[in-house]
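Letter by letter, the chains look like this.
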Amino acid sequence: VQLVESGGGLVQPGESLRLSCAASGFPFSSYVMKWYRQAPGKERELVAAISAGGGTTNYGDSVNDRFTISRDNGEQTVYLQMNSLKPEDTAVYYCNADCPRGLVRSCVTKTGGYWGQGTEVTVSS
């Protein structure tokens, strides 16, 4: 099993980034996919989640309306489009695959499954 995140970097406030997470080694299209982040000195928090088919999404309150999660089951990749970035979005972002054949609304409270190594996002002027 592999989850490989990419797309992080240093951006200025107000700019955008798109993170990608390429998956392999498990039935990607059956899993809920999630993005988490962890800032220095803070607990890990859920950023966004998307159902196996892509029809249902869920967002953390701090990113709602700015971030968009999507997935391409053919490419076995999940994306996180991040717009209007703020300094408080600075964190390591992790991809997570969980809850095979499960529902997003119950999966957002779980932290099992498979994890990527993370990609760092820094928002600073």
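Here the structure is a predicted model, which means the values were calculated and not measured. (Residues numbered from 1 in each chain as written. Predicted model: local features only at pLDDT ≥ 70, side-chain atom pairs only at ≥ 80, totals over all residues. Heavy atoms only, no water.)

This part covers the environment of Thr56. Relative to the assigned elements, Thr56 resides in the loop between β5 (45-50) and β6 (57-59). Relative accessible area serves as the criterion here: at 41%, Thr56 is assigned to the partly exposed category. The contacts of Thr56, once residues within four sequence positions are left out, are Ala49, Ile50, Ser51 and Val104. (Helix = DSSP H or I, 4+ residues; strand = E, 2+ residues; numbered from the N terminus. Buried < 20%, exposed > 50% of the residue type's maximum accessible area, 1.4 Å probe, protein only. Contact = heavy atoms within 4.5 Å.)

If you look at the biggest cluster of nonpolar residues, it comprises 29 residues, and the most contacted ones within it are Met33, Trp35, Val78, Leu80, Met82 and Tyr93. Only β3 (17-24), β4 (32-38), β5, β7 (67-72), β8 (77-82), β9 (91-98) and β11 (119-123) provide two or more residues apiece to this core. Aside from chain neighbours lying at most four places away, what touches Met82 is Glu15, Ser16, Leu17, Leu19, Arg66, Phe67, Tyr93 and Val121. By size, the runner-up hydrophobic cluster in this structure holds five residues, among which are Val32, Ala49, Cys99 and Cys107. (Core = buried A, V, L, I, M, F, W, Y, C linked by side-chain atoms within 4.5 Å.)

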